[in-house]
Amino acid sequence: MPRYSITTFGCQMNVHDSERMHDVLRCAGYTEAGSADEADVLVLNTCSVREKAEQKLRSEVGRLARWKRERADRVLVVAGCVAQQEGERLLKQMRAIDVVVGPDNIPELPGLLGDLAIGGLPIARTVFDLDAPRFLVASPPSPSSSPRAAPTAFVTVMKGCDERCSFCIVPHTRGPERYRPSDEIVAEIAALVAAGTREVTLLGQTVNSYRDPLGALPRAPGASADDPDESEFAALLRRVAADVPGLARLRYTSPHPRHLTPSLVLAHAELPVLPRHVHMPVQSGSDRVLRRMIRRYTRAEYVARTRALVEAVPGLTLSTDIIVGFPGETEDDFAATLSLVREVGFKGLFGFKYSRRPHTPALKLPDDVPEGVKGERLARLFEESEALLAAHLSALVGTTQEVLVEGRDKERGHGGAGGALWSGRTGRHEIAHIDGAGELDLLGEVVEVSIARANKHSLQAELTEAARAAARPRQRGGLEARPARRSLPVVAAEGG
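Remember, it's a predicted structure, so these values are computed and weren't measured experimentally.

Engineer: Describe helix H1 (residues 12–27), with residues and values.
Structural biologist: Because each turn of an α-helix spans 3.6 residues, side chains separated by three or four positions end up pointing in the same direction. Taking 1.5 Å of rise per residue, 16 residues should cover 22 Å, and H1 covers 23 Å from first to last C-alpha, within 8% of that figure. The buried fraction of H1 amounts to 13 of the 16 residues, a majority that puts the element mostly inside the structure. Just downstream of H1 lies Gly 29, where phi reads positive at about 100°.

Pasting the structure below:
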């Protein structure tokens, strides 16, 4: 059997695409290699949101030229957003590449590899599925099989983007917005939950702009027909909650502030399945910069909408994305961003230095903020964010939280010092490491823990006596039979 390996660069959407490539290749008779060196087919699933990711691709392809020379039958595939962006140019610029495949062409990958195997030439397939959108569906194991489904999973509800933010390449690499029928979304989530998945994250470039292409969703409570920012996303959340009652948590990423409407706020207030955390990109706290970014909301509108959400759901936390050094950003503009971070009280953020991207409107603007200034501003942004997070985590010490156990503690391994074995996330998305539970099988369970200590970016926890009494003992081989999410190499995971 031919063996493959996948390395993923970028965001959650790319991680999801890599998992679907795994399914597609496995169904075509390929087996997963133990490492890239053992693979016959190596897939690099790329990101083009940040310039650094493209540079890493070129460096990786250069390194893999030797891997290719060791065996003439080895195949190098470049997938993802850089593949879509560059297309056949990649084949001309980097001779080591054999196949270039865009996100919408993943189902064609086995056929493209088959053509190569019988003497076909290197090929690029980067065609958007505009007329008949295809959404790759997870293939979870049966409920009685081993291994079980991972405790967490991604489900795509839409792809593409119509926002046209001036800094963003996504409309070029992912195309216009296309939505998936709600029946298909609910069916995939139900199958995952039946196989053992406890938490699902709905994915989309502007996930909360969702509209059911078949018109099968009723109007959600609080939705206004006169609101141009209204969508059917709240209705979708309500249908998932009603039709898949076994789902423990339902998250989504990445939303746009324009579509944080009253109907979505009301859904958060009324649906227990929605955790008390939302990632809501803002990008800047300066109205002048927001206009240049073509974000289509003001600082005041962002604050008002997020405040309404926090007031409706006590204890809800927010995280965000911020770009520093956008063309024309002054020190006053950046100061406005820092003050917004403090005003909203973000408990986490992804911060990035602006980098020019091809095919974006911002190319018309001079990149006039010096690189040193960008770096200094980014450091100040992280300093502010770290202080807010530290205070938040410290305030949780001594409290009781519910943690969805996602897998082995990567930091402490098999029981390491202190007996830590498990890690997961609270309902507010804080990472929690669970001490002294090595003899128990907690994978996929929502367990009650007491927070013993705050780390820099996570919490140290212990099972409550009630949770320990209810937990299953670990059986010999049990951990290996029920792994967490399949391990895919991920490089430079970033928020968009």
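Engineer: Can you tell me about the environment of Pro 213, naming the residues and giving the values?
Structural biologist: Counting through the fold element by element, Pro 213 comes out in the loop between strand S10 (199–203) and helix H8 (233–243). Taking C-alpha positions, Pro 213 is 41 Å from Phe 382, a pair spaced 169 residues apart along the chain.

Engineer: I'd like to hear about the side chain of Ser 254, residue by residue, with values.
Structural biologist: Within the secondary structure, Ser 254 sits in the loop between strand S11 (249–253) and helix H9 (262–270). Owing to a relative accessible area of 17%, Ser 254 belongs among the buried residues under this scheme. Ignoring any residue separated from it by four or fewer positions in sequence, one finds Ser 254 in contact with Gly 204, Gln 205, Thr 206, Val 207, His 279 and Pro 281.

Engineer: So what's going on with the packing of helix H11 (residues 299–312) against helix H12 (residues 331–344)? Residues and values would help.
Structural biologist: Put simply, H11 and H12 touch, their axes get as near as 11 Å, and they point 15° apart. In this view, H11 runs roughly parallel relative to H12, as classed from their interaxial angle. In this structure, the crossing between H11 and H12 has a hand that is right-handed. Contacts from Arg 299, Tyr 302, Val 303 and Arg 307 in H11 reach Ala 336, Ser 339, Leu 340, Glu 343 and Val 344 in H12. Its residues assigned to classes, the contact of H11 with H12 comprises 5 nonpolar, 1 polar and 3 charged.

Engineer: Just give me the short version of empty space enclosed by the protein, but keep the residues and values in it.
Structural biologist: Overall, the coordinates contain 2 cavities of 30 Å³ or more when judged by the stated rule. What the largest cavity holds in volume is close to 170 Å³. Surrounding the largest cavity, 16 residues form its lining, Asp 17, Pro 103, Asp 104, Arg 134 and Lys 159 being those nearest its centre. Secondary-structure elements contributing two or more residues to the lining of the largest cavity are H1 and helix H6 (170–174).

Engineer: Before we move on, can you summarise H9 with the specific residues and values?
Structural biologist: Along H9, the positions that sit buried rather than exposed are Ser 263, Leu 264, Val 265, Ala 267 and His 268. Where H9 is buried, its residues meet H8, S11, strand S12 (277–279) and H11.

Engineer: Describe the sheet that holds S10, and please don't skip the residues or the numbers.
Structural biologist: Strand order across the open sheet formed by 3 strands is S7-S10-S11, with parallel pairing between neighbours. The open sheet terminates on both sides in strands that have one partner only, identified here as strand S7 (152–156) and S11. In this sheet, adjacent strand axes meet at a mean angle of 25° when their direction is disregarded. In the sheet, S7 pairs with S10 via 5 bridges, with the strands oriented parallel. By the bridge assignment, Thr 156 is partnered in S10 with Leu 203. Against the sheet, helix H7 (residues 182–194) makes contact with S7 and S10, and its axis sits at roughly 165° relative to S7, the strand it touches most.

Engineer: Lay out the environment of Phe 346 in plain terms, naming residues and giving numbers.
Structural biologist: Looking at the secondary structure, you find Phe 346 in the loop between H12 and strand S14 (349–353). On the accessibility criterion, Phe 346 (1% relative accessible area) is buried. Distance from Phe 346 to His 392, taken between C-alpha atoms, is 9.8 Å for residues 46 residues apart in sequence. Ignoring anything within four residues of it in the chain, the contact list for Phe 346 reads Val 282, Tyr 302, Leu 318, Ser 319, Thr 320, Leu 340, Val 341 and Leu 388.

Engineer: Just give me the short version of the sheet that holds strand S20 (residues 459–463), but keep the residues and values in it.
Structural biologist: Taken together, the 5 strands give a closed barrel; going around it, the order is S15-S16-S17-S20-S19, and neighbouring strands pair in mixed fashion. Averaged over neighbouring strand pairs, the angle between their axes works out to 50° when direction is ignored. Bridge analysis of strand S17 (residues 431–435) against S20 gives 4 bridges, and the strand direction is parallel. Considered in S20, the bridge of Asp 435 is made with Glu 462.

Engineer: Residue-level account of the nonpolar core, with values.
Structural biologist: Counting 55 residues, the largest nonpolar core has Ile 189 and Leu 202 as its most contacted members. In terms of residues, this core owes the most to one element, H8, which gives 6 residues. Counting 24 residues, the second largest nonpolar core, distinct from the first, contains Phe 9, Ala 39, Val 78 and Ile 97.

Engineer: Break down the packing of aromatic side chains for me, with residues and values.
Structural biologist: Evaluation of the coordinates by the stated rule reveals 5 aromatic pairs. Between the aromatic rings of Phe 233 and Tyr 252, the centroid separation amounts to 4.9 Å while the plane-to-plane angle is 80°, which identifies the pairing as edge-to-face. With Phe 233 in helix H8 and Tyr 252 in strand S11, this pair connects stretches of sequence that are 19 residues apart. Look at Tyr 252 and you get buried, because its relative accessible area is 9%.

Engineer: Got a sec to walk through unusual backbone geometry? Specific residues and values, please.
Structural biologist: Cis rather than trans, the peptide bond between Thr 253 and Ser 254 has omega equal to 5°. With a phi angle near 55°, Ile 294 is a residue other than glycine that sits in the positive phi range. Within the fold, Ile 294 resides in the loop between helix H10 (287–293) and H11. Phi is positive for His 359, which is not a glycine, with a value near 65°. Considering the arrangement of structural elements, one finds His 359 in the loop between S14 and helix H13 (371–395). Relative accessible area serves as the criterion here: at 44%, His 359 is assigned to the partly exposed category.

Thresholds applied
- Residues numbered from 1 in each chain as written.
- Predicted model: local features only at pLDDT ≥ 70, side-chain atom pairs only at ≥ 80, totals over all residues.
- Heavy atoms only, no water.
- Helix = DSSP H or I, 4+ residues; strand = E, 2+ residues; numbered from the N terminus.
- Expected span 1.5 Å × (residues − 1).
- Buried < 20%, exposed > 50% of the residue type's maximum accessible area, 1.4 Å probe, protein only.
- Contact = heavy atoms within 4.5 Å.
- Axes fitted to C-alpha atoms, helices over the stretch in contact; angles between N-to-C directions.
- Parallel < 35°, antiparallel > 145°, perpendicular 65-115°, else oblique.
- Left-handed = near helix turned anticlockwise from the far one by under 90°.
- Nonpolar A, V, L, I, M, F, W, Y, C, P; charged D, E, K, R; others polar.
- 1 Å grid on protein atoms, 1.4 Å probe; cavity = no way out; pocket = protein on both sides within 12 Å on 5 of 7 lines; lining within 4 Å.
- Points joined across faces, edges and corners; volume = space filled by probe spheres on them.
- Pairing = 2+ DSSP bridges.
- Core = buried A, V, L, I, M, F, W, Y, C linked by side-chain atoms within 4.5 Å.
- Phe/Tyr/Trp six-rings, centres within 6.5 Å; stacked < 30°, edge-to-face > 60°.

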